[in-house]
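# Architecture at a glance
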Amino acid sequence: MLARAIPGCEGLEQTGPDEYRMKMKMALASLSGAFEGKVKITDQSPPSSFRLLVEGSSKIGFVKGEGLLKLTPSGEGTEVAYEGDAQIGGTMAAIGQRLIDGTSKMMIKKFFEKLAAESAS
Amino acid sequence: MATTIIQTEKLVGKRIRRREDPRLITGTATYVDDMQMPGMHHAAIVRSPHAAAKIRSISIKAAAEAPGVVAVFTGKDTEKVGPVPCGASLPGLRVPHHYILAIDRVYLVGHPVAVVVATDRYLARDAADLVEVDWEVLPAVADPEKAIAPGAPPVHPQWPDNVAFVYNQEGGDVDKAFAEAEVIVKQRITSQRLIPSAMETRGVLAEWRGADRQMTLYTSTQVPHLVRTLVAGMLGLEENRMRVVAPEVGGGFGSKLNIYPEEALMGFVSMKIGKPVKWIESRRENFLCTIHGRGHVDYFEVAAKKDGTILGIKLKLIQDQGAYHQLLGPAIPTLSVLMMPGLYRTKNIRAEVIGVFTNCTPTDAYRGAGRPEATHGIERMVDILADELGIDPAEIRLKNFVHNEEFPFPTATGLTYDSGDYAAPLQKAMGIVDYTKLRAEQAAARKQGKLMGIGICTYGEICGFGPSPATPAGGWECGTVRVEPSGKVTLLTGSCHHGQGEETTFAQLAADELGVDIDDILVLRGDTAIVPYGIGTFGSRATAIGGTALYYAMQDLKVKMKKFGAIMLDSHDVSYANGQVVCNKMGKSVSFKEIAAASYRAMKLPPNTEPGLVSTHFWEPPNFTFGFGAHIAVTEIDPETGQITVRRYLAVDDCGNIINPLIVDGQVHGGVAQGMGQALWEQAVYDDNGQLVTGEYTDYTMPRAHMMPWIESQHTTTPSPVNPLGVKGVGEAGTIGASPSLVNSVVDALSHLGVRHIDMPLTPEKIWKLVAGGKN
Amino acid sequence: MIPQTFEYTAPKTLDEAMALLASGGKPLAGGMSLIPMMKLRLATPEHLVDLGRIKDLDYIREAAGELHIGATTTHYSVESSALVRGKCPLLSAAAGAIGDPQIRNVGTMGGSVAHADPAADYPAALQALEAKIVIRGAKGERTVSAADFFVDAFTTSLESGEVVREVVVPVEQAGTGTSYLKMPQPASGFAIVGVAVRVQRSGGKITLARIGVTGLSNIGYRAWAAEKALEGSAGSADDITKAAALVAQGIDANSDLHASADYRRHLASVYAARAITAAASKA
Ligand SMILES: Cc1cc2nc3c(=O)[nH]c(=O)nc-3n(C[C@H](O)[C@H](O)[C@H](O)COP(=O)(O)OP(=O)(O)OC[C@H]3O[C@@H](n4cnc5c(N)ncnc54)[C@H](O)[C@@H]3O)c2cc1C
């Protein structure tokens, strides 16, 4: 489910309890990059919340995201709230404020849309 | 032999167009990147994406096997190359060993870890991506105040408090001044990090000829002779086997007054591969790996009497040094201390400077180097004091200026101001803008809810760096004048100008001094094999010191010319005038050309007469020179958006005698643009992890022509007694005067809302919040 | 600053280009957005298909009450064209507000819309103009509205292998007042906020209001609430202020080094009020 929710994720491989190695391709307008990294789930208190750690690095820099996801059933579906922090480094950090804000928002949005879709199915 | 004396037209003081400009503006000048050599290789440098990390391992296999790659070197290979030098010395200064390639740990984003050498630049760059580094990322700290707070991650583990040095200076009786004060004003004032942004990035081409044991290093630098001495030392090479050439240098602003790892690294690579190798810095590397400027947090306190008389000044200065000391880094804030009393008479000062390590690019000299920070501080404080006391900012300045009869004036910080008439430029500026009328207009505008500000800055500048005791590598300069057998004149100067226009001003000086046609004069610089020796161009010193060295060389040359003229005229009573030697009795003369030819042909010289016409002079200045001036900025603010419009900008500078007013105006314009850049737009921003967020021009706001207001440049002239030319210096004046006048102007526009200070840059959002919230 | 190796083809016709794109090529227009990304290796296309040599993509034509602007028409051409200035002044104003002269001389209409930068100028104008984007794909052409074309930051409804062929905007009716105002981000020139307004009046009332906003959100959008508030009103200063206050309603505003979300929202209202006032004064 995670693999399908993470935008551009090309495969998750379990490396430990709640820990995965991830390959991810980011393609966005002209920006593209192949990332390798890991995903870790901690602080699980099912079904209402868990903490997600995503780390990836590529030639163009690295991303590190940490977020607390809160799932609250509401009516038919589940409301997903997210609180988190992302770190970007390397060349990517310099590509422009405009790009970073827009892109990260979009990735997060996509993630939740997919997560919501996946959890609904 | 001619018998008439031609009165040549004097060129000093004329607005002559710059002789260097045609090649610069048509793009036909030769920079390092334009140089090609047979067998030349290209280097790409692998750099850290992390601000702090340990290197677990580096794998170079894939890169070494990539097409076109001839060698890959890492820190293990270059470990024996000497460290990148820090030339500043302060008591207790902590100097981290600055390897040219990281060994096992990196301290900033951009830290070089490996170099890939290939047959072309593209293949080198491709292969650089194949170097794999296994990092253990460590916590980083990017803010100097956070770095010295307890619990901050140590930049260098051996110094967990991140303190690079503490420097104290005191003059007079500060405690008494503060005890007697009727009013004390305090303010925290920052001078943000800036990225120097020379139009040409750095570049190095090293050519090692093993059989000759000769290294030629072409590098974009302001200080070729220093590079030779220091890089030869790093490489363990005899200094006289190294030649350093600074071809055309596309600006520096202090950022090329340095020794960089890549200079030694290219030398190392060339010696290893036995071929020339070139590295050209990308703009991205320039943002990360060439020094930054400023980076101050200042805590100012000023004690005064109710009538506005300043009694004393205290300053606690936190200087963000970055991860390493570059050549002069730790010395820069000490210049701020020297300049902290500004143009004011107070004899009581106390300064504490704390140099702080952060996981950021090292800071060092950037146009003004320490003086803009100091001037910004004191000029803001004087305005704050004026506001506190309800005194007009012009009046409070006039009240505190050093008096004309007090020159040479010994300052509280140990300097001696050479000459001045500090009220003159301020009064002239006030007259030009009609200050009284402007204030009336401002009052009327306020009634209509409009925001208009008038900002004054009166600055002093330490120019002509400097007497040797005050300048790390020596503060003299060397000038040579060589008359060729054909009568052409070649000037060799150790001042390695790189856009300032000395090719023109020095030629003007020589044309007048020697009485020859300016077109017969060639000015050469920037090659250690051509110029006997030199210090370089920085610190508004080239004309005051380099020009003076040439002046004295020319005096010596004239003595030689007279000697030859006397022989040729067979007279003991001759004088030199207008390019001729004249027999005072008979009125007969020999021309410059004739003497030149005879001096080299040496046919009829009496015994023990040295042939040839070359004179060299090393000139050591007895003191700095001190330029000064007054800038006035009139601004308007859009209260809805916070946008600032600079309605009028007037600079009245006193740089002593002026050789070429056109060039002086150009220096003022460029300087003001840079000061305005700091005041309104520029800032190097790091995130908490030490990533440079403004890492490209898409986020780092370089001022551009369309953003500039009209800059009016006017002058008063107070000759300096320090040198025979009476010149002071103007390279940094505009930058020093601009930021305080602009910030003072904007704060003035908002002062009725209770605003007393705003830190730079004055972004519209900051201003909007102040207008909306009404408080700082 | 050196891109990864790539192939480069400059076809002369659109058909040739389509074939190259179908086999994985990436369109290159002015290169003002793509090349900087390639130099930083943030973009690593293997094959660039330069659209710049295709003659029948660079045009501005009027037909049946609409202006057709070919994909490779430069911003400068749009800005300076007498036809656009006369018949769709909002578009030429937006073009003239892009970056600086060097950028406008090279950057193109097609490249700008395809890139879908959230701070680009055209999207605001195209939304206010209810423009249409004509897309050419392997299977032929389709036309989508600007509202459907811009999907998210840097994301459009273009499928892979498709290109923007032209942008179609209406010829303004007499009596339509328009205005495009922006606050540029000082470093890049892109919009911190840009507001495009079209207004028609009749019988002392505002009969039509179209407001496009850029820079504020992930995409250029139409400020429906503000439009509604304006339409039917007399267009007084008070009406304008009230309407302008609604332009950022419900928007998750961008926030970065240059402007916080609050400031952006505030600016959107200020610029909207100014642009509406300017447009209304011409209507
Ligand atoms: C310094 C600077 C300042 C700028 N300031 C502004 C500004 O203020 N406002 C503003 O709006 N823009 C600004 N821009 C962006 C500029 O307008 C670009 O021209 C524009 O974003 C892209 O157009 P281009 O023709 O250069 O496209 P390119 O860079 O060639 O291409 C951009 C993207 O679109 C794709 N593409 C190109 N043409 C087509 C097509 N016909 N069909 C499908 N895909 C296509 C490319 O594959 C690529 O992914 C600025 C750019 C720079 C460098």
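Residues numbered from 1 in each chain as written. Chains lettered and ligands numbered in written order. Predicted model: local features only at pLDDT ≥ 70, side-chain atom pairs only at ≥ 80, totals over all residues. Heavy atoms only, no water.

On to the overall build of chain A. When its secondary structure is counted, chain A shows two helices and six strands. Reading chain A from its N end, one meets helices and strands in the order α-β-β-β-β-β-β-α. When burial is assessed residue by residue, chain A has 41% of its 121 residues classed as buried. Pairs at least 24 residues apart make up 29% of the contacts formed inside chain A by residues separated by at least 6 positions. (Helix = DSSP H or I, 4+ residues; strand = E, 2+ residues; numbered from the N terminus. Buried < 20%, exposed > 50% of the residue type's maximum accessible area, 1.4 Å probe, protein only. Contact = heavy atoms within 4.5 Å.)

Let's shift gears to the domain arrangement of chain C. Segmenting chain C into domains produces domain 1 (7–53), domain 2 (55–170) and domain 3 (176–282). The distance between the C-alpha centroids of domain 1 of chain C and domain 3 of chain C comes to 35 Å. (Domains from an automatic or database assignment.)

Each turn of an α-helix holds 3.6 residues, which means side chains three or four residues apart point in the same direction. All names here are of chain B. Along helix 12 (residues 393–400), the residues that are buried comprise Pro 393, Ala 394, Ile 396, Arg 397 and Asn 400. Within helix 12, the buried residues cover an arc of 165 degrees as seen down the axis, which keeps them to one side. The secondary structure elements touched by the buried residues of helix 12 are strand 14 (310–322), helix 11 (371–389), helix 13 (423–433), helix 14 (435–447), strand 18 (451–463) and helix 19 (733–750). With a side-chain oxygen lying 2.8 Å from the backbone nitrogen of Ala 394, the N-terminal cap of helix 12 falls on Asp 392. (Arc of directions from axis to C-beta. Polar contact = N/O pair within 3.5 Å; in protein donor to acceptor, adjacent residues only side chain to side chain.)

Our next topic: the site of the ligand. As a matter of local geometry, the ligand sits amid 32 residues, with Pro 27, Gly 31, Thr 108, Asp 121 and Gly 189 of chain C nearest to it. Those chains with residues close to the ligand are chains A and C. The contact in question runs from an oxygen atom of the ligand to an N or O atom on the side chain of Lys 26 of chain C, over 2.8 Å. At a separation of 2.9 Å, an oxygen atom of the ligand approaches a polar side-chain atom of His 75 of chain C. Protein burial of the ligand: of its 970 Å² of free accessible surface, 92% is covered by the chains. Residue assignment for the shell around the ligand shows that the elements contributing at least two residues are strand 2 (26–28), helix 7 (109–115) and strand 10 (163–170) of chain C. The leading source of residues in the shell around the ligand is helix 7 of chain C, at five residues. (Near = heavy atom within 4 Å. Areas by Shrake-Rupley, 256 points an atom, 1.4 Å probe, with all protein chains shown as cover.)

All names here are of chain C. One open sheet holds the four strands; their spatial order is 11-12-13-14, and the pairing between them is antiparallel. Looking at the sheet topology across the chains shown, the edges are occupied by strand 11 (176–184) and strand 14 (221–222). Two strands pair when backbone bridges link them, and strand 12 (residues 191–202) and strand 13 (residues 205–214) are joined in this way by nine bridges, in the antiparallel orientation. Note on strand 13: the bridge partner recorded for Val 199 is Ala 209. Together, strand 11 and strand 12 form the strand contacts of helix 5 (residues 89–96), whose direction differs from that of strand 11 by roughly 15 degrees. (Pairing = 2+ DSSP bridges. Axes fitted to C-alpha atoms, helices over the stretch in contact; angles between N-to-C directions.)

So, about the packing of aromatic side chains. By convention here, two paired aromatic rings are described through the distance between centres and the angle between planes. All names here are of chain B. The full count for this structure, using the stated rule, is 20 aromatic pairs over all chains. Among the aromatic residues, those joined into a cluster by ring pairs are Tyr 344, Phe 401, Phe 407, Phe 409, Tyr 417, Tyr 422, Phe 465, Phe 624, Phe 626 and Phe 628. In this structure, Arg 541 is placed above the aromatic ring of Phe 538, and the distance from its NZ or CZ to the ring centre is 5.1 Å. For the cation-ring pair, Lys 563 lies above Phe 564, with the distance from its terminal atom to the ring centre recorded as 5.0 Å. (Phe/Tyr/Trp six-rings, centres within 6.5 Å; stacked < 30°, edge-to-face > 60°. Lys NZ or Arg CZ within 6 Å of the ring centre and 35° of its normal.)

With that out of the way, let us pick up empty space enclosed by the protein. Enumeration over the complete set of coordinates arrives at four cavities of 30 Å³ or more. Taken together, 30 residues make up the lining of the largest cavity; nearest its centre are Met 24, Val 63, Ala 86, Met 107 and Ile 108 of chain A. Residue assignment for the lining of the largest cavity shows that the elements contributing at least two residues are strand 2 (19–28), strand 3 (31–45), strand 4 (49–58), strand 5 (61–74), strand 6 (77–89) and helix 2 (97–120) of chain A. Taken together, the residues of the lining of the largest cavity sort by class into 22 nonpolar, five polar and three charged. Looking at the second largest cavity, it is lined by 14 residues, and the ones nearest its centre are His 98, Leu 108, Pro 112, Pro 261 and Cys 289 of chain B. Of all the secondary structure elements, the ones that give two or more residues to the lining of the second largest cavity are helix 8 (261–273) and helix 9 (283–289) of chain B. When its residues are assigned to classes, the lining of the second largest cavity shows eight nonpolar, four polar and two charged. In this structure, the lining of the second largest cavity is formed jointly by two domains, domain 1 (40–138 + 197–289) and domain 2 (296–467 + 623–773) of chain B, each of which donates at least three residues. (1 Å grid on protein atoms, 1.4 Å probe; cavity = no way out; pocket = protein on both sides within 12 Å on 5 of 7 lines; lining within 4 Å. Points joined across faces, edges and corners; volume = space filled by probe spheres on them. Nonpolar A, V, L, I, M, F, W, Y, C, P; charged D, E, K, R; others polar.)

Quite often, the size of an interface is put as the accessible area lost when its parts meet. Taken together, the contact between chain B and chain C spans 27 residues of the former and 24 residues of the latter. Contact between chain B and chain C buries roughly 2000 Å² in total, counting both sides, with carbon and sulfur atoms accounting for 54%. The largest contributions to the chain B side of the interface with chain C come from Arg 125, Glu 765 and Trp 768 of chain B, which together make up 24% of the buried area. In this assembly, chain B and chain C are joined by four salt bridges. Its salt-bridge partner being Asp 638 of chain B, residue Arg 274 of chain C comes within 2.8 Å of it at the nearest N-O pair. Connecting chain B to chain C are 13 residue pairs in polar contact (both at pLDDT 80 or more). A per-element tally of the side of chain B that touches chain C places helix 4 (residues 121–128) of chain B first, with four residues. For the side of chain B that touches chain C, the per-class residue count stands at eight nonpolar, seven polar and twelve charged. (Buried area = accessible area lost by both parts, 1.4 Å probe. Salt bridge = Lys/Arg side-chain N within 4 Å of Asp/Glu carboxyl O.)

On to the interface of chain B and chain A. Taken together, the contact between chain B and chain A spans 13 residues of the former and 13 residues of the latter. Contact between chain B and chain A buries roughly 1000 Å² in total, counting both sides, with carbon and sulfur atoms accounting for 53%. Together, Arg 284, Gln 691 and Asp 699 of chain B form the three largest contributors to the area buried by chain B at its contact with chain A, with a combined 35%. Where chain B packs against chain A, one counts zero salt bridges. Between the two partners, chain B and chain A, sit two residue pairs in polar contact (both at pLDDT 80 or more).

Turning next to the pairing of strand 21 (residues 521–524) of chain B. Residues and elements named next belong to chain B. Along strand 21, the buried face is formed by Ile 521 and Val 523; none of Leu 522 and Leu 524, which line the opposite face, is buried. Looking at chain direction, strand 20 (residues 489–493) and strand 21 are connected through four bridges and run parallel. Bridge pairing in strand 21 links Val 489 to Ile 521.

Take the pattern of salt bridges next. Counted by the stated rule, this structure contains 69 salt bridges over all chains. A salt bridge links Arg 193 of chain B to Asp 320 of chain B; its shortest N-O distance comes to 3.0 Å. Note that Arg 193 of chain B is positioned in the loop between strand 8 (183–191) and strand 9 (203–209) and Asp 320 of chain B in strand 14, a separation of 127 residues in sequence. Its salt-bridge partner being Asp 121 of chain C, residue Lys 182 of chain C comes within 3.0 Å of it at the nearest N-O pair. Taken together, the residues Lys 182 of chain C in strand 11 and Asp 121 of chain C in the loop between helix 7 and helix 8 (122–128) connect sequence positions 61 residues apart. By the burial criterion, Lys 182 of chain C is buried, and Asp 121 of chain C matches it. One continuous salt-bridge network, built from bridges that share partners, spans Arg 47, Arg 202, Glu 262, Glu 281 and Glu 285 of chain B.

All right, on to the side chain of Ser 191 of chain B then. Mapped onto the elements, Ser 191 of chain B comes out in strand 8. With residues up to four places along the chain from it excluded, the contact list for Ser 191 of chain B reads Arg 294, Gly 295, His 296, Glu 373, Gln 678 and Met 760 of chain B.

What follows is about helix 11 of chain B. All names here are of chain B. Here helix 11 is 19 residues long and its end C-alpha atoms lie 27 Å apart, about the 27 Å a rise of 1.5 Å per residue gives. In terms of burial, helix 11 is largely enclosed, as 16 of its 19 residues are buried. Where helix 11 ends, the next residue or the one after it, Gly 390, has phi of about 70 degrees, a positive value. (Expected span 1.5 Å × (residues − 1).)

Below, the discussion takes up the nonpolar core. Buried together is how nonpolar side chains tend to be arranged in soluble globular proteins. Residues Val 115, Val 231 and Met 266 of chain B are the most contacted members of the largest nonpolar core, which totals 121 residues. The element contributing the most residues to this core is helix 11 of chain B, with seven residues. Beyond its immediate sequence surroundings of up to four residues, Val 231 of chain B is in contact with Leu 217, Met 242, Ile 259, Glu 263 and Ala 264 of chain B. If you look at the next biggest cluster of nonpolar residues, it comprises 43 residues, including Met 18, Ala 116, Ala 191 and Ile 219 of chain C. (Core = buried A, V, L, I, M, F, W, Y, C linked by side-chain atoms within 4.5 Å.)

In this section: the pairing of strand 10 of chain C. Residues and elements named next belong to chain C. Among the eight residues of strand 10, seven are classified as buried, and the element is accordingly described as predominantly covered. Bridge analysis of strand 5 (residues 66–70) against strand 10 gives five bridges, and the strand direction is antiparallel. Across the sheet, Ile 69 pairs through a bridge with Val 167, a residue of strand 10.

Residues and elements named next belong to chain B. Taken as a whole and judged by the stated rule, the model has zero disulfides over all chains. Lacking any disulfide linkage, Cys 463 is separated from the closest cysteine sulfur, that of Cys 655, by 8.2 Å. By relative accessible area, which is 0% here, Cys 463 ends up buried. (Disulfide = S-S within 2.5 Å.)

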